[in-house]
Every structure is written in structure tokens, then in C-alpha cells.
Amino acid sequence: MKKLIQLFLFCTALAVLPLQNTKAEINASKFFSIGLNLSNGTGDNGSIYLYGPTPISAYFGPSGGSYGPLTAGTYTVIIYTAAPGSRTFRFNGQAITTSTGSATFNNVSITSTAFASVN
């Protein structure tokens with residue numbers, strides 16, 4: 001009888017171990033998530049749209065904003081601003097200077113935290 005109880009406890013311990021690994025993997029995936037940080041140097045409001053694996057439609061204020069989590073993949077990114085005049089829009093190293101109030105970045109690959117700005 002004692003051996004049967006020991007065997008039961010041993011099997012129960014083995015059954016619980018995979019649950020511990022699953023919790024660790026979930027916590028690790030939250031820690032290493034991909035996001036988007038946007039800085040706005042115009043002093044005016046704007047909006048940003050991401051079309052891709054994780055679609056985002058958001059407004060940002062004079063200080064910019066942070067968005068996510070995002071799924072890694074290929075995106076189309078459109079940034080608008082209400083600020084008048086010629087503006088430079090940047091997304092992950094690409095820059096577009098225009099006076100139309102918006103910029104479109106096509107086929108952008110996002111694999112880690114992305115950075116955007118409007119100046």
C-alpha cells in the first residue's frame with residue numbers, strides 16, 4: 001500500500017511539471033512582445049493605421065504614443081497629422097517629407113519594436 005501511494009504521488013508530480021513550463025512560456029512571450037513607439041514633434045494631433053497581421057487604428061496627441069503588442073510580419077503603415085506645412089514622417093529608418101499631411105509606408109517588415117516619428 002505504501003508503494004502504491006508513493007507511485008501515485010510521483011505520477012501526480014510528473015503531471016504538474018508541464019503546467020509549470022507552460023506558465024513560464026506565457027510570461028516570457030509577454031515580456032518579449034513587439035510594439036510601436038511614435039514620437040510627435042508637431043504639437044498637433046494625428047492618427048496612425050497599421051494594416052497587416054495585427055491591424056491598429058489609433059489617434060495620437062502632441063506627445064505621440066505607444067501601441068501593441070504587434071505580431072511580426074509585413075505591414076502597410078499610414079501616418080496622418082493635422083499640423084500644417086511640410087512634415088517629415090519616419091518609420092523604422094525610412095523617411096518621407098511631404099506637405100500633404102500624411103505618409104504611407106508600404107511592405108514594411110516588423111520583427112521587433114518599431115519606431116515612428118512626425119516632425
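Everything below is about the structure shown above.
Keep in mind the model is a prediction, meaning the values are calculated, not measured. (Residues numbered from 1 in each chain as written. Predicted model: local features only at pLDDT ≥ 70, side-chain atom pairs only at ≥ 80, totals over all residues. Heavy atoms only, no water.)

Once that is clear, we can look at the nonpolar core. Core analysis: the biggest nonpolar cluster contains 22 residues, and Leu-36, Ile-48, Leu-50, Ile-79, Phe-91 and Ile-110 have the highest contact counts within it. Put simply, the parts of the chain that give this core at least two residues each are strand E1 (34-40), strand E2 (46-51), strand E3 (56-60), strand E4 (65-70), strand E5 (73-81), strand E6 (87-91), strand E8 (102-110) and strand E9 (114-118). Looking at this core, the element that brings in the most residues is E8, giving four residues. Discounting residues that sit within four places of it in the chain, Ile-110 has contacts with Ile-34, Leu-50, Leu-70, Ala-72, Gly-73, Tyr-75 and Phe-91. (Core = buried A, V, L, I, M, F, W, Y, C linked by side-chain atoms within 4.5 Å. Buried < 20%, exposed > 50% of the residue type's maximum accessible area, 1.4 Å probe, protein only. Helix = DSSP H or I, 4+ residues; strand = E, 2+ residues; numbered from the N terminus. Contact = heavy atoms within 4.5 Å.)

The next point concerns the sheet that holds E8. With respect to topology, four strands assemble into an open sheet ordered E3-E2-E5-E8, the strand pairing being antiparallel. Lying at the two open borders of the sheet, with one neighbouring strand each, are E3 and E8. With strand direction ignored, the average angle separating the axes of adjacent strands in the sheet is 15°. Here E5 runs beside E8; their pairing, made up of seven bridges, is antiparallel. Each bridged residue has a counterpart across the sheet, and for Ile-79 the counterpart in E8 is Ala-103. (Pairing = 2+ DSSP bridges. Axes fitted to C-alpha atoms, helices over the stretch in contact; angles between N-to-C directions.)

Geometrically, the link from Gly-68 to Pro-69 is a cis peptide bond, its omega value of 5° lying close to zero. With respect to the secondary-structure elements, Pro-69 resides in strand E4. Of note in this structure, Asn-107 is not a glycine but carries a positive phi near 50°. Its place among the elements puts Asn-107 in strand E8. Assessed through its relative accessible area of 63%, Asn-107 is described here as exposed.

Taken together, five strands build an open sheet; the order of strands is E4-E1-E9-E6-E7 and the sheet is mixed. What marks the edges here is a single partner per strand, and that holds for E4 and strand E7 (94-98). In this sheet, neighbouring strand axes are inclined to one another by 15° on average, regardless of whether the strands run parallel or antiparallel. As paired strands, E1 and E4 are joined by four bridges and run antiparallel to one another. Residue pairing across strands places Leu-38 opposite Gly-65, the latter belonging to E4.

Right, let's talk about the pairing of E7 for a bit. Two elements, E6 and E7, share five bridges in a ladder whose sense is antiparallel. Looking across to E7, one finds that Thr-88 is bridged to Thr-97. Taking the residues between adjacent antiparallel strands as the criterion, E6 and E7 are bridged by two residues, where Asn-92 takes a positive phi near 45°.

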